[in-house]
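# Structural features, examined
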Amino acid sequence: MTAQSHIQVNRLSVHYGVGGSLFGGGGVLKAVDDISLEIPRGSFFGLVGESGSGKTTLGRAILKAAPISEGEVRYVDEEVDYDVGRLGKKELKDYRKRTQLIFQDPYAALSPRMTVRDIIAEPLEVMKLTKTRAETDERVREIAAKCRLNLEHLRRFPHAFSGGQRQRISIARALVCQPKFLVADESVAALDVSIQADILNLLKSLQKDMDITFLFISHDLSVVAHTCDYVAVMYLGAIVEMAPSRRLFTAPKHPYTKALLSAIPSLDPDDRGRAQKLEGEIPSPLNKPSGCRFHTRCPIATARCAAETPEWKAHAPGHFAACHFAE
Ligand code: SF4
């Protein structure tokens, strides 16, 4: 693991047994299939792909909220070096404090029967991180202010708030234990575009202010374009391209990345209508295509693509792609 890595994923697979009966006949769903990646400390790392690509499962496996079937997840900060799949009870408790998840849906994530103060305070109380109510209140007020919540709001219930304000409450709850690594899973997907920008700006400023590493999961490349330092593109359980953000957007190598990029609405009238529409649905992870897993939808696939799995190759420093014709 390099000195700057916060998270290193080595050949990670997450498999689930599905279907079958007493007499057998079930299958194995490979939600994450032999993935390796490194998330640098203090970075905003984007993970992008269509629904069903396995990005949420990967984020959850890193947080030890999904089973690690094969491979390894390592977490390193200035105090600890954890093999996440082998954490003991005490270490797991500590890991839960160091890592957090911001939920996707700000409407469903907050208990309607709890005040905003109690919602934000709950992780501190469950993990017994404060000794007195006064200390808890002080931590809640501090993080609420950082998340630009009005302190008056702490006495109210979630139904009184808009989607953007509820997402701020979710963020405050995720940050109250002062985690060092945070997974934001489609955290702006349910919000209006103007509110999305507001929440993204908030996450970026919190990242700098609190020195947090972010894994930002989204189905929408346009959302990660201006936010992330690095982006990995996932398709059917595997990463097909990974690069520093600017490079991925200016010199994409993989046809899947190109198709996602071309679907971003352009302000340039000459660019409109050039979208490379992806045909068909993402195949079932129970029945992955042979060779390159993208070949059933790839506009430039050849017979070689169905027969041969493409190598994961470097094209520039930090820029990798898996495609026979990426050159
Ligand atoms: Fe398309 Fe073939 Fe490249 Fe796969 S290997 S992305 S099918 S061209």
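First, a word on scope: everything that follows refers to the structure included in this document.

### Thoughts on the overall build of the protein chain
Tallying secondary structure elements over the protein chain gives 10 helices and 12 strands in all. Taking 2.2 N^0.38 as the reference for a compact globule, 327 residues should give roughly 20 Å; the C-alpha atoms of the protein chain span a radius of gyration of 21 Å, in line with that estimate. Across its three principal directions, the C-alpha atoms of the protein chain cover 70 × 55 × 45 Å. Out of the 327 residues belonging to the protein chain, those deemed buried represent 49%. Of the contacts made within the protein chain by residues no fewer than 6 positions apart, 63% connect residues no fewer than 24 positions apart. Per element, the accessible surface of the protein chain, about 16,100 Å² overall, is 51% carbon and sulfur. When the 43 positive and 39 negative side-chain charges of the protein chain are each reduced to one mean point, those points stand 3 Å apart.

### Some remarks on the site of the ligand
Around the ligand sit His254, Pro255, Cys292, Phe294, His295, Cys298, Ile300, Ala301, Cys305, Cys323, His324 and Phe325, and that is every residue in its neighbourhood. Its residues assigned to classes, the shell around the ligand comprises nine nonpolar, three polar and no charged.

### Focus on the side chain of Arg98
Considering the arrangement of structural elements, one finds Arg98 in helix 2 (residues 89-98). One polar contact links Arg98 to Asp77, side chain to side chain, over a distance of 2.7 Å. At a separation of 2.9 Å, a polar atom in the side chain of Arg98 contacts the side chain of Glu79. Among residues more than four places away in sequence, those in contact with Arg98 are Tyr75, Asp77, Glu79, Val80, Tyr82, Pro179, Lys180 and Phe181.

### Some details on the sheet that holds strand 11 (residues 312-316)
Spatially, the eight strands line up as an open sheet ordered 6-7-8-3-9-10-12-11, and their pairing is mixed. Lying at the two open borders of the sheet, with one neighbouring strand each, are strand 6 (99-102) and strand 11. Averaged over all adjacent pairs, the angle separating strand axes in this sheet is 20°, with direction ignored. The strands touched by helix 5 (residues 163-175) are strand 6 and strand 7 (181-185); relative to strand 6, the strand with the most contacts, the crossing angle is about 170°.

### Observations concerning the pairing of strand 9 (residues 230-235)
Each regular strand carries side chains that alternate between the two faces of the sheet. Of all the six residues making up strand 9, five are buried; the element is thus mostly covered by neighbouring parts of the structure. Relative to strand 9, strand 3 (residues 44-48) runs parallel, the two being bridged by four bridges. Residue pairing for strand 9: Phe45 is matched across the bridge by Tyr230. Here strand 9 pairs with strand 10 (residues 238-244) via six bridges, running antiparallel. The partner of Tyr235 across the bridge, within strand 10, is Ala238. The loop that links strand 9 with its antiparallel partner strand 10 comprises two residues; one of these, Leu236, has a positive phi angle of about 50°.

### A look at the pattern of salt bridges
Under the defined criterion, the tally for this structure stands at 22 salt bridges. Among the ionic pairs, Asp33 bridges to Lys288, the shortest N-O distance being 3.4 Å. Placement of the pair is Asp33 in strand 2 (residues 27-40) and Lys288 in the loop between helix 9 (255-262) and helix 10 (303-307), with a sequence separation of 255 residues. Arg98 is the salt-bridge partner of Glu79, the closest N and O atoms lying 2.9 Å from each other. Here Arg98 lies in helix 2 and Glu79 lies in the loop between strand 4 (70-76) and strand 5 (81-83), a separation of 19 residues in the sequence. Each of Asp77, Glu79, Asp94, Lys97 and Arg98 takes part in one network of salt bridges that share partners.

### Describing the packing of aromatic side chains
One pass over the structure, following the stated rule, counts 10 aromatic pairs. Put simply, the rings of Phe44, Phe214 and Phe216 pair up and form one aromatic cluster.

### Remarks on the environment of Leu236
Summarising the element assignment, Leu236 is placed in the loop between strand 9 and strand 10. The class of Leu236 is buried, set by a relative accessible area of 1%. Among all residues touching Leu236, those that are not within four sequence positions of it are Ser53, Ile282, Pro283, Ser284, Pro285, Lys288, Pro289 and Arg293.

### A short note on the pairing of strand 6
Covered by surrounding structure in strand 6 are Thr99 and Leu101 together with Gln100 and Ile102, the residues of both alternating faces. Alignment of strand 6 against strand 7, held across four bridges, turns out to be parallel. Each bridged residue has a counterpart across the sheet, and for Leu101 the counterpart in strand 7 is Val183.

### Some thoughts on helix 1 (residues 55-62)
Counting buried residues along helix 1, six of its eight residues qualify, which places the element largely inside the surrounding structure. For helix 1, the full list of buried residues reads Lys55, Thr57, Leu58, Gly59, Ala61 and Ile62. Backbone geometry just after helix 1 places Lys64 at a positive phi near 60°.

Each value, and the rule that gives it
Residues numbered from 1 in each chain as written. Predicted model: local features only at pLDDT ≥ 70, side-chain atom pairs only at ≥ 80, totals over all residues. Heavy atoms only, no water. Helix = DSSP H or I, 4+ residues; strand = E, 2+ residues; numbered from the N terminus. Rg over C-alpha atoms; globule rule 2.2 N^0.38 Å. Buried < 20%, exposed > 50% of the residue type's maximum accessible area, 1.4 Å probe, protein only. Contact = heavy atoms within 4.5 Å. Areas by Shrake-Rupley, 256 points an atom, 1.4 Å probe, with all protein chains shown as cover. Lys, Arg positive; Asp, Glu negative; His and termini not counted. Charge placed at Lys NZ, Arg CZ, Asp CG, Glu CD. Near = heavy atom within 4 Å. Nonpolar A, V, L, I, M, F, W, Y, C, P; charged D, E, K, R; others polar. Polar contact = N/O pair within 3.5 Å; in protein donor to acceptor, adjacent residues only side chain to side chain. Pairing = 2+ DSSP bridges. Axes fitted to C-alpha atoms, helices over the stretch in contact; angles between N-to-C directions. Salt bridge = Lys/Arg side-chain N within 4 Å of Asp/Glu carboxyl O. Phe/Tyr/Trp six-rings, centres within 6.5 Å; stacked < 30°, edge-to-face > 60°.

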